[in-house]
Amino acid sequence: MKYKTLGNTGLLVSQLCLGTMTFSDGTGVYEHIGNVGQSGADELVKASIDAGINFFDTADVYSAGASERTLGQSFKNLGIPRNEVVLATKVYSRMGQGRNDVGASRGHIMDAVEASLRRLQTDHIDLYQIHATDTLTPVEETLRALDDLVRQGKVRYLGVSNWQAWRIATALGVSARLNLERFNTLQAYYSIAGRDLERELKPLLEAEKMGLLVWSPLAGGLLSGKFSRENQSPEGSRRSSFDFPIVDKERAWTVIDTLKPIAAAHGCSPARIALAWLLAKPVVTSVIVGAKRLSQLEDNIAATGIVLSDDEIAALDAVSELPPEYPGWMLATQGSDRLGPVDLWADKISQTS
């Protein structure tokens, strides 16, 4: 297992993170995700620790708090010292019927963090993440509340999930101007079947030295090896009943067609190759993997041992490449002559607006 710093901090986290959305009672929307109980969770957490994973991610909304409770109890059951794990959770989603039981207001954040600490059976959260965009609450209010939590010692680092690039940039500017704790990480969807974040979010993360935590690296199971152009709804697969996250299916089938022979050459599942492709991307800090069974987790962990050749990466990059989109193609056109002399009247030079 390799480790990276969590964004521009000194905290080291494993390149794989155990996502615990499957730790639940299986009710509501989470019946599509999993219903791993306490004994199953203990088994997955132990296997993760044994493999060198020190990073665990959950959220208050996962099965209405059941995921947090189960994860916290697993650490107790297994006797894992608190300082040996990096614990991440999230706040924003609705946790009650009240008007203020949702969002990123100071009121909801302060209530939610206390509830998460109780469920997790801990006195601090290593990475506290705003789970979604709150269009009502001023970003200054959210950041001041989070800054207070860091100063109180209840939270150590801050992150955000599923935000647009411009909104993250705005928040970073506010933090700098008001001398508040800044967001260190973005948790976002990224996979070889869905590379949308490369347009705006990837450049922002690189420029601001933020860490990228990847959720749904197998596109909701689409890249697991069960799906293909010929078998688009395999029985028993989560994605067959819960078609999420959104991907360009036609491009995805072509990606899968390319994954399979590479996987065969390595003697492994297509899922491992899809994970290895992500792990090879410098912008990626940690890839969040979830599992309902130990065999799934073990297969995912094995991806850390795969080294893709330059030719294999080039083939996967080419088949999954995003179509050109403005202003990206215009930037490339207008900036193409910056590194050398240009004959303005040469036939090969096209004049653009």
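Residues numbered from 1 in each chain as written. Predicted model: local features only at pLDDT ≥ 70, side-chain atom pairs only at ≥ 80, totals over all residues. Heavy atoms only, no water.

Colleague: Would you explain unusual backbone geometry in this entry?
Modeller: Keep in mind that most residues, glycine aside, have a negative phi and that most peptide bonds are trans. With omega at 5 degrees, the peptide bond leading from Tyr-326 into Pro-327 counts as cis. Residue position: Pro-327 is located in the loop between helix H11 (310-319) and helix H12 (328-334). Even without glycine at this site, Ala-64 takes up a positive phi of about 55 degrees. Along the chain, Ala-64 turns up in the loop between strand E4 (55-57) and helix H2 (66-78). The exposure class assigned to Ala-64 is exposed, which follows from its relative accessible area of 55%. Here Lys-209, not a glycine, exhibits a phi torsion of approximately 55 degrees, which is positive. With respect to the secondary-structure elements, Lys-209 resides in the loop between helix H6 (201-208) and strand E9 (211-215). (Helix = DSSP H or I, 4+ residues; strand = E, 2+ residues; numbered from the N terminus. Buried < 20%, exposed > 50% of the residue type's maximum accessible area, 1.4 Å probe, protein only.)

Colleague: Whenever I open this one, the sheet that holds E4 confuses me. Can you help?
Modeller: Read around the closed barrel, the eight strands follow the order E3-E4-E5-E6-E7-E8-E9-E10; overall the barrel is parallel. When the angles between neighbouring strand axes are averaged without regard to direction, this sheet yields 30 degrees. With five bridges connecting them, strand E6 (residues 125-130) and strand E7 (residues 155-161) associate as parallel partners. Following the sheet pairing, Gln-129 is matched in E7 by Gly-159. Set on the sheet, helix H3 (residues 106-120) makes contact with strand E5 (86-91), E6 and E7; between it and E6 the angle comes to about 140 degrees. (Pairing = 2+ DSSP bridges. Axes fitted to C-alpha atoms, helices over the stretch in contact; angles between N-to-C directions. Contact = heavy atoms within 4.5 Å.)

Colleague: Where do I start with the packing of aromatic side chains in this structure?
Modeller: The description of an aromatic ring pair uses the distance of the two centres, along with the angle that the planes make with each other. Per the counting criterion, the structure on display carries six aromatic pairs. Each member of the aromatic cluster is reached from another via a ring pair, and the members are Tyr-189, Trp-215 and Phe-244. (Phe/Tyr/Trp six-rings, centres within 6.5 Å; stacked < 30°, edge-to-face > 60°.)

Colleague: Which parts of the structure should I look at to understand the environment of Ile-262?
Modeller: Residue position: Ile-262 is located in helix H8 (residues 249-266). Ile-262 sits 46 residues away from Leu-308 along the chain, and the two C-alpha atoms are 9.0 Å apart. Filtering out sequence-adjacent residues up to four positions away, Ile-262 remains in contact with Ile-273, Leu-308, Glu-312 and Leu-316.

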